[in-house]
Amino acid sequence: MIVTMVSVPDGGTARISVAEARRRLATDPFLILGVELPEEESPAEGPAEEPPTRRLGLDDEDLEWFGTRDASARAEFLGGTAGFVVPVVRDEQVVHVHVLATERFLVIAHWGRRAGLERDITAQVRRERPHDAVATLFLLLQEALTTFRRAAVHALLQVEELEDDMFQGRRPEQIYRLSQLRRHSAVLHHALLPYLQGVDEVITRRMMSRDFPEDRQRLAQEFQRAARLVLADIESLQDATRRAFASYGSLVAGEQNGVINRLAIVSVIFLPLSFLTGFFGMNFEFLTNRLETRDEFWLLAVGLQMVAVVGSLFLLHRSRIWRRLRDDE
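Residues numbered from 1 in each chain as written. Predicted model: local features only at pLDDT ≥ 70, side-chain atom pairs only at ≥ 80, totals over all residues. Heavy atoms only, no water.

Peer 1: Where do I start with the nonpolar core in this structure?
Peer 2: One recurring pattern in soluble globular proteins is that nonpolar side chains are buried together. If you look at the biggest cluster of nonpolar residues, it comprises 51 residues, and the most contacted ones within it are Phe84, Val86, Leu141, Leu192 and Phe223. Elements represented by at least two residues in this core include exactly β5 (81-90), β6 (93-101), β7 (105-111), α4 (133-168), α5 (172-207) and α6 (214-280). Per-element accounting of this core gives the leading share, 16 residues, to α4. Residues within four places of Phe84 in sequence aside, it is in contact with Trp65, Arg74, Ala75, Val97, His98, Val99, Leu137, Leu141 and Val199. Formed by 21 residues, the second largest nonpolar core is a distinct cluster that contains Leu31, Leu33, Leu56 and Val85. (Core = buried A, V, L, I, M, F, W, Y, C linked by side-chain atoms within 4.5 Å. Buried < 20%, exposed > 50% of the residue type's maximum accessible area, 1.4 Å probe, protein only. Helix = DSSP H or I, 4+ residues; strand = E, 2+ residues; numbered from the N terminus. Contact = heavy atoms within 4.5 Å.)

Written out as structure tokens, the structure reads:
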């Protein structure tokens, strides 16, 4: 377990030992700690490692979920401690960051270096210069929402580009990419919606309390407003993927209609020819006894077929099917 301390207000970072982090959690009036847990579990050798809360001196039965991989999205208020399992988008994947916040400290736990928010929070601390851990907590929650907004907007632009390309030329890989983007939008929505519902319940319950400061009410309202906007962006992405699939289906249906029109033209041309061929192929008395010369054969057998072809082409040229086929081309 690697512990990183973020200094306030300059936003500098420094790696400290677990013992130093434990001491500072007990004494410092305002502390931000980042806890990097191993991304891959090593094979068990000897006794199991203590959970992060116990190693940091935060023993509490209600915090057993903190630092466990299977914890789902969570938002709860435990007396003087607020606990969150915050979903974050990293490299088109949703990972979870564990957060503990009190009036004095903010502890952020994650797996692997790329999954954390320390770099983003450090930049936010430099710009915003929060005055306490609660204000820093709302900065973290806002930054987590920002990762979802960026992912949704990026995917939405890809859907629009694919939709434009489909009208230029339809290709099989387009429908495969659309399927991936539709699945990605579903993952974003599935990860964010229960988390926002839990956070909204906690914030609403705290805002109803008389001792909830006015400046924190403003922070909470800004977060709720941003959460609704991000959720609307993800829903817009879902609608865009459905619209793109509908456009793809319309293009396929248009091409099938063109094929059907061509088959109809071929059928109209060859149906009279098939009838004449079948008629003059019958062995009845008129054909066998009366049509004996070559001129009669060319006149009836071939002449009638030419008249049928010319008549069919003339009727097709005057019909809507021919004009529609010509317009499609």
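From this point, the discussion proceeds with the structure in view.
Peer 1: Before we go on, may I ask you to explain helix α1 (residues 18-27) in this structure?
Peer 2: Within α1, burial applies to Val18, Ala21 and Leu25. Projected down its long axis, α1 carries its buried residues within an arc of 60°, all on one side. Away from its buried face by more than 90 degrees, α1 exposes Ala19, Ala26 and Thr27. (Arc of directions from axis to C-beta.)

Peer 1: So what exactly am I meant to see when it comes to the environment of Pro52 here?
Peer 2: Looking at the secondary structure, you find Pro52 in helix α2 (residues 52-55). The contact partners of Pro52, leaving out residues within four places of it in the chain, are Met1, Leu37, Phe66 and Gly67.

Peer 1: Explanation requested: the environment of Ala186 in the structure shown.
Peer 2: Within the secondary structure layout, Ala186 lies in helix α5. Linking Ala186 and Gln238, residues 52 residues apart in sequence, is a C-alpha distance of 7.3 Å.

Peer 1: Explain the pattern of salt bridges to me, please; I cannot follow it from the model alone.
Peer 2: For side chains of opposite charge, pairing can occur when their charged atoms come near one another. For the structure shown, the criterion picks out 9 salt bridges. Salt-bridge contacts for Glu20 lead to Arg24; the nearest nitrogen and oxygen are separated by 3.1 Å. Of this pair, Glu20 and Arg24 both sit in helix α1, separated by 4 residues, roughly a single helical turn. Accessibility expressed as a relative area gives 24% for Glu20, which makes it partly exposed. Residue Arg24 is classed as partly exposed on the basis of its relative accessible area, which comes to 23%. Glu173 is the partner of Arg171 in a salt bridge, and the nearest nitrogen-oxygen pair spans 2.9 Å. Of the residues examined, Arg171 reaches a relative accessible area of 36% and is grouped as partly exposed. Look at Glu173 and you get partly exposed, because its relative accessible area is 45%. (Salt bridge = Lys/Arg side-chain N within 4 Å of Asp/Glu carboxyl O.)

Peer 1: Please explain the confidence of the model for the chain as it appears in this structure.
Peer 2: Of the residues in the chain, 81% reach a pLDDT of 70 or more, and the chain-wide mean stands at 77. Note on residues 43-47: pLDDT under 50 across the span, and 0 contacts to partners over four residues away in sequence or across chains. (pLDDT = per-residue confidence, 0-100.)

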